[in-house]
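# A look at the structure
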Amino acid sequence: MERSSNQGVLFALAVLLLVAVGVVTIGERWWWLPPLASVHGAWIDTLFNITLVVTGIVFVLVHVLLAYFVWRYRARSAEQRAYFYLENKPLELTYTLIPAVVLTGLIAAGTRAWFQIQGPAPAEALRVRVVGEQFAWRFQYPGPDGKLGRFDPRFISDENPFGIDPEDPAGRDDFVVTEMHLPLNQPVEVLITAKDVLHSFFIPAMRVKQDAVPGMTTRFWFVPTVAGTYDIPCAELCGQGHYIMRGVLVVESAQEFERWQQEQTPVGELLSSMSQ
Ligand SMILES: [Cu+2]
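The rules behind the values
Residues numbered from 1 in each chain as written. Predicted model: local features only at pLDDT ≥ 70, side-chain atom pairs only at ≥ 80, totals over all residues. Heavy atoms only, no water. Buried < 20%, exposed > 50% of the residue type's maximum accessible area, 1.4 Å probe, protein only. Helix = DSSP H or I, 4+ residues; strand = E, 2+ residues; numbered from the N terminus. Pairing = 2+ DSSP bridges. Donors = N, O, S within 2.8 Å, 3.2 Å for Na, K, Ca; no water. 1 Å grid on protein atoms, 1.4 Å probe; cavity = no way out; pocket = protein on both sides within 12 Å on 5 of 7 lines; lining within 4 Å. Points joined across faces, edges and corners; volume = space filled by probe spheres on them.

The buried fraction of strand β10 (residues 246-252) amounts to 5 of the 7 residues, a majority that puts the element mostly inside the structure. Relative to β10, strand β4 (residues 179-183) is paired through 5 bridges, and the arrangement is parallel. When the bridges of β10 are listed, Leu182 appears paired with Val251. Sheet topology places strand β9 (residues 228-233) next to β10; 6 bridges connect them, and they run antiparallel. The residue bridging Thr229 from the neighbouring strand is Val250, located in β10.

Here it is in structure tokens:
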């Protein structure tokens, strides 16, 4: 009896020591989310924080109570039997209804944010197509006509590495790049697909992530709010080179974005020079 309670104290001290080491060594990286850089991301972070606080309170409360009950009702003699009841309606109702209400609230808030991000983009939104391939991202921009040309992996050949339909007039002025650029504070709708296998288009700083599926177009829209350079990792284990599949997003002023667009060569020009 005396021995086992000493073991318990030692175990508790070891746990406390581990927590203290963790807190001291984690330093400036104590918060694991990267800096936020989009309008939609603020909703995601709010949801994340609410969920963390609610589940954190429940977690601490349940474990403190659990520890207290284990200690308070421990076996003090061999004859002692644990006290229990087979049925307790008010208690059962309470511990069913409270979590049900809290979880419904969390799910409702999450669903609302989901439909805002997945809902229709504003009419003035820039549309960019993202194509995932082993092991890079390619970005198709609509060019001066503002319309994306049709894309289908079946159009991909030595003469047409982009897979843009050569018969579609909307595609002639499009351009394809390996670095994504976006103008600051302007909504962008991203149309996502893949050439070969499943990938996942993920911009942590914007708090957006969506599967890239061959033969299918997935989408979301967002508004970048902070100029800078951001990572676009692939978040789906897509093959041996998955770890190097990391694109770059540059968010810049509208003027800089305009200048960058003008420097790009339209697909129509590239295709005709390649077929010569
Ligand atoms: Cu990938």
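Having seen it, we continue.
All right, on to the pairing of strand β1 (residues 126-133) then. With 7 of 8 residues buried, β1 lies mostly within the body of the structure. In this structure, β1 lies alongside strand β5 (residues 188-194), joined through 7 bridges in parallel fashion. Note on β5: the bridge partner recorded for Leu126 is Val188. Here 5 bridges tie β1 to strand β2 (residues 136-141), and the two strands are oriented antiparallel to one another. Bridge pairing in β2 links Val131 to Arg138.

Right, let's get into the coordination of the copper ion. The reference angle at a metal is 109.5 degrees if four donors form a tetrahedron and 90 or 180 degrees if six donors form an octahedron. Surrounding the copper ion are the protein donor atoms His199 (ND1), Cys234 (SG), Cys238 (SG) and Met245 (SD), at 2.0 to 2.4 Å. Between the donor residues of the copper ion, the gaps in sequence give the motif H-x34-C-x3-C-x6-M. A residue pair is termed long-range when its members are at least 10 positions apart, and Cys234 in the loop between β9 and β10 and Met245 in the loop between β9 and β10 qualify at 11 residues. The class of Cys234 is buried, set by a relative accessible area of 6%. Owing to a relative accessible area of 1%, Met245 belongs among the buried residues under this scheme.

Okay, the layout of surface pockets next. Of the volumes computed, that of the largest pocket is approximately 510 Å³. Broken down by secondary-structure element, the contributors of at least two residues to the lining of the largest pocket are α2 (39-72) and α3 (89-118). If you tally residues by element for the lining of the largest pocket, the top one is α2, at 9 residues.

As far as function goes, none of this settles anything; it's purely spatial.
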